[in-house]
Amino acid sequence: MEIYTGQRPSVFKLFGKFMRKGLYRILTQGPIPTHLAFILDGNRRFAKKHKMNEAEGYKAGYLALLKTLTYCYELGVRYVTIYAFSIDNFRRQPQEVQCVMNLMMEKIEEIIVEESIMNAYDVGVRIVGNLKLLDEPIRIAAEKIMRATANNSRFVLLIAIAYSSTDEIVHAVEESSKDKLNSNEVCNNGIEAEQEFKEANGTGNSVIPVQKTESYSGINLVDLEKNTYVNPYPDVLIRTSGLSRLSNYLLWQTSNCILYSPFALWPEIGLGHLVWTVMDFQRHHSYLKKHKEYLK
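Residues numbered from 1 in each chain as written. Predicted model: local features only at pLDDT ≥ 70, side-chain atom pairs only at ≥ 80, totals over all residues. Heavy atoms only, no water.

(A) Region of interest: the overall build of the protein. The number of helices and strands found in the protein is 9 helices and 6 strands. Each of the 296 residues in the protein was classed as buried or not, and the buried ones make up 43%. Considering only contacts within the protein whose residues lie at least 6 apart along the sequence, 78% involve residues at least 24 apart. Working note: accessible area of the protein is about 16600 Å², and carbon and sulfur atoms make up 56% of it. (Helix = DSSP H or I, 4+ residues; strand = E, 2+ residues; numbered from the N terminus. Buried < 20%, exposed > 50% of the residue type's maximum accessible area, 1.4 Å probe, protein only. Contact = heavy atoms within 4.5 Å. Areas by Shrake-Rupley, 256 points an atom, 1.4 Å probe, with all protein chains shown as cover.)

Structure below.
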């Protein structure tokens, strides 16, 4: 899969791809992360550093994202989640919010145009977050691309828009509560039907089996995990620009996850950072695996 659309001469592109394949062959001798999560931090600082306007900084960040997704696909990473826009970001200057929304709308529409390519490479796109907060055009476009790529699973890109982890947890509790209420209704209807049948047949005083009266009101861990926006949980979370804050991102999912904070601003991220990420994951893999089994 070649997502990157830079203007390098084809001979250099072919040579670069050949070199990457050799590097991937070495890395795949060990375990490869199933899921990488990214906080795309530093677009505005990159723009300021290079005397660009903010829109140009975000576009540079988008090109860096395309390269990174290409590397992840080639390496065999199956899931990538990116923190594209948080709920808190709506508090920024209106012109900046509009700039980011326009860029996202533009890129989602490009993905829709390239739908056949996405399907050919078996790439699924999932937009996650509180989509009710988005303007109708971008929400409709997001729903369209998710429907078009719903059956693709070779590589899944989750884009967190209008997302915060606290909002996700509230959403998971609300959805779990609805599920339990529906289960209670089904259970109660079944008990009432059984009782009516017994009364009609002269056995109204019979004892209802214990499993029929078991409580369905409690919400457990499995219920919440089923209703979170982002699954499966990431193996590594990468935040560029040297900051180690999670910024209300995947708080629930990162209890058994490596955190990596390179000093590069997001548009400066490259293959070397991904290689370091995989090597660090491989170094800690046995511990992470044991800890995950312990948590079960």
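Moving on from the model shown.
(B) Representation of the sheet that holds strand β5 (residues 236-239) within the structure. In spatial order, the strands read β3-β4-β2-β1-β5-β6; together these 6 strands make up an open sheet with parallel pairing. This sheet does not close on itself; its edge strands, each paired only once, are β3 (123-128) and β6 (258-260). Across the sheet, the mean angle from the axis of one strand to that of its neighbour is 20°, orientation sign disregarded. Running over the sheet, helix α4 (residues 94-113) touches β2 (79-86), β3 and β4 (155-163) and is turned about 145° from β2. (Pairing = 2+ DSSP bridges. Axes fitted to C-alpha atoms, helices over the stretch in contact; angles between N-to-C directions.)

(C) View of the pairing of β4. For β4, a buried count of 9 out of 9 residues is recorded, marking the element as mostly surrounded by other parts of the structure. Where β2 and β4 come together, 7 bridges link them in parallel fashion. Paired with V80 across the bridge in β4 is L157. Judged from the 6 bridges that link them, β3 and β4 form a sheet pairing that is parallel. Note that in β4 the partner of V125 across the bridge is L157.

(D) Structural detail: the layout of surface pockets. There is about 1200 Å³ of room inside the largest pocket. If you trace the largest pocket, you find 47 residues lining it, with L40, Y62, L65, I82 and A84 closest to the centre. For the lining of the largest pocket, the secondary structure elements donating two or more residues are α2 (43-49), α3 (54-75), β2, α4, α5 (115-120), β3 and β4. When grouped by side-chain class, the residues that make up the lining of the largest pocket number 29 nonpolar, 7 polar and 11 charged. (1 Å grid on protein atoms, 1.4 Å probe; cavity = no way out; pocket = protein on both sides within 12 Å on 5 of 7 lines; lining within 4 Å. Points joined across faces, edges and corners; volume = space filled by probe spheres on them. Nonpolar A, V, L, I, M, F, W, Y, C, P; charged D, E, K, R; others polar.)

(E) How the structure looks around the environment of Y24. Note on placement: Y24 falls in helix α1 (residues 10-27). Judged by relative accessible area, which is 7%, Y24 ranks as buried. As a C-alpha pair, Y24 and E74 span 50 residues in sequence and 7.9 Å in three-dimensional space. Those residues in contact with Y24 that sit more than four places away from it in its chain are Y71, E74, L75 and L271.

(F) Summary view of unusual backbone geometry. Looking along the chain, the bond that leaves N231 and enters P232 is cis, with omega of -5°. Secondary-structure assignment places P232 in the loop between α8 (221-226) and β5. The phi dihedral of K51 falls on the positive side, at around 55°, and the residue is not glycine. Along the chain, K51 falls in the loop between α2 and α3.

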